[in-house]
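So the chains spell out like this:
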Amino acid sequence: MMRRCTGKIVLLAALVMLVAACEDRNGPAAAQRELLSRQLVPTDKALAAIYLRSCRSCHTVAATGSPLTGDRAAWAPRMAKGMEVMLNSVISGFGGMPPLGLCMDCSPDQFESLIRFMAQTEHAP
Ligand code: HEC
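Quick look at the structure, then. Since this is a predicted model, take the numbers as computed values, not measurements. (Residues numbered from 1 in each chain as written. Predicted model: local features only at pLDDT ≥ 70, side-chain atom pairs only at ≥ 80, totals over all residues. Heavy atoms only, no water.)

Brief notes about the site of the ligand
- Not every one of the 28 residues close to the ligand is listed here, only the nearest: Cys55, Cys58, His59, Ser89 and Met97.
- Serine 89 places a polar side-chain atom, nitrogen or oxygen, 2.6 Å from an oxygen atom of the ligand.
- Elements that contribute at least two residues to the shell around the ligand include exactly helix 4 (56–59), helix 5 (72–79), helix 6 (83–92) and helix 7 (108–119).
- Per-element tally for the shell around the ligand: the top contributor is helix 7, with four residues.
- Class assignment of the residues belonging to the shell around the ligand gives a composition of 16 nonpolar, ten polar and two charged. (Near = heavy atom within 4 Å. Polar contact = N/O pair within 3.5 Å; in protein donor to acceptor, adjacent residues only side chain to side chain. Helix = DSSP H or I, 4+ residues; strand = E, 2+ residues; numbered from the N terminus. Nonpolar A, V, L, I, M, F, W, Y, C, P; charged D, E, K, R; others polar.)

Topic: the coordination of the iron atom of the ligand
- Protein ligation of the iron atom of the ligand involves His59 (NE2) and Met97 (SD), the donor distances falling in the range 2.1 to 2.2 Å.
- The site at the iron atom of the ligand holds six donor atoms, and with the angles between them running 83 to 179 degrees, its shape is octahedral. Of the two residues, histidine 59 sits in helix 4 while methionine 97 sits in the loop between helix 6 and helix 7, which places them 38 residues apart along the sequence.
- Accessibility expressed as a relative area gives 9% for histidine 59, which makes it buried.
- Overall, methionine 97 belongs to the partly exposed group, its relative accessible area being 22%. (Donors = N, O, S within 2.8 Å, 3.2 Å for Na, K, Ca; no water. Tetrahedral: all angles 85-135°; square planar, octahedral: opposite > 155°, others 65-115°. Buried < 20%, exposed > 50% of the residue type's maximum accessible area, 1.4 Å probe, protein only.)

Structural notes on the packing of helix 3 (residues 45–53) against helix 7
- Packing of helix 3 against helix 7 leaves a shortest axis separation of 11 Å and a crossing angle of 75 degrees. Classed by the angle they form, the pair helix 3 and helix 7 counts as roughly perpendicular. Touching Leu47, Ile50 and Tyr51 of helix 3 are Gln110, Ser113, Leu114, Phe117 and Met118, all from helix 7.
- Classifying every residue of the contact of helix 3 with helix 7 gives six nonpolar, two polar and no charged. (Axes fitted to C-alpha atoms, helices over the stretch in contact; angles between N-to-C directions. Parallel < 35°, antiparallel > 145°, perpendicular 65-115°, else oblique. Contact = heavy atoms within 4.5 Å.)

By themselves, these are just geometric observations and shouldn't be taken as functional.
So this is what it looks like as structure tokens:
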């Protein structure tokens, strides 16, 4: 009896977590974060052009599972890994992100500026 109950509780907890995860990507809060992310574009023209044709297509869509542009809370734990790790993730690809984040001609400096811009850790370049 006790074991059965525990099983149900575990299942219920898993379901609640699943719904919460879906809510995080699809709910009103996610829509709000998407709206914010879509208003942001790097001020530097060359960087803006790169951003608009590569990173932006995923990093403004919560359903991709990517940290959204300007969503500091989502970026903070990733940035805590250090810029070298961040650069490596982009260059080699990471999870749902293809290698080079779809920017085949980006230099490491440009990647770094794009990351800082998306994480909003300093003024947009
Ligand atoms: C095809 C979709 C896609 C594109 C295009 C894309 N990303 Fe991503 N990016 C993702 C996803 C999805 C994640 C989260 C992956 C995960 O945590 O599993 C991510 C995560 C990241 C991370 C965090 C990596 C880590 O180690 O936590 C950085 C940095 C990043 N992207 C930078 C960029 C830059 C810069 C560009 C443009 C040059 C870019 N991305 C383009 C989908 C994309």
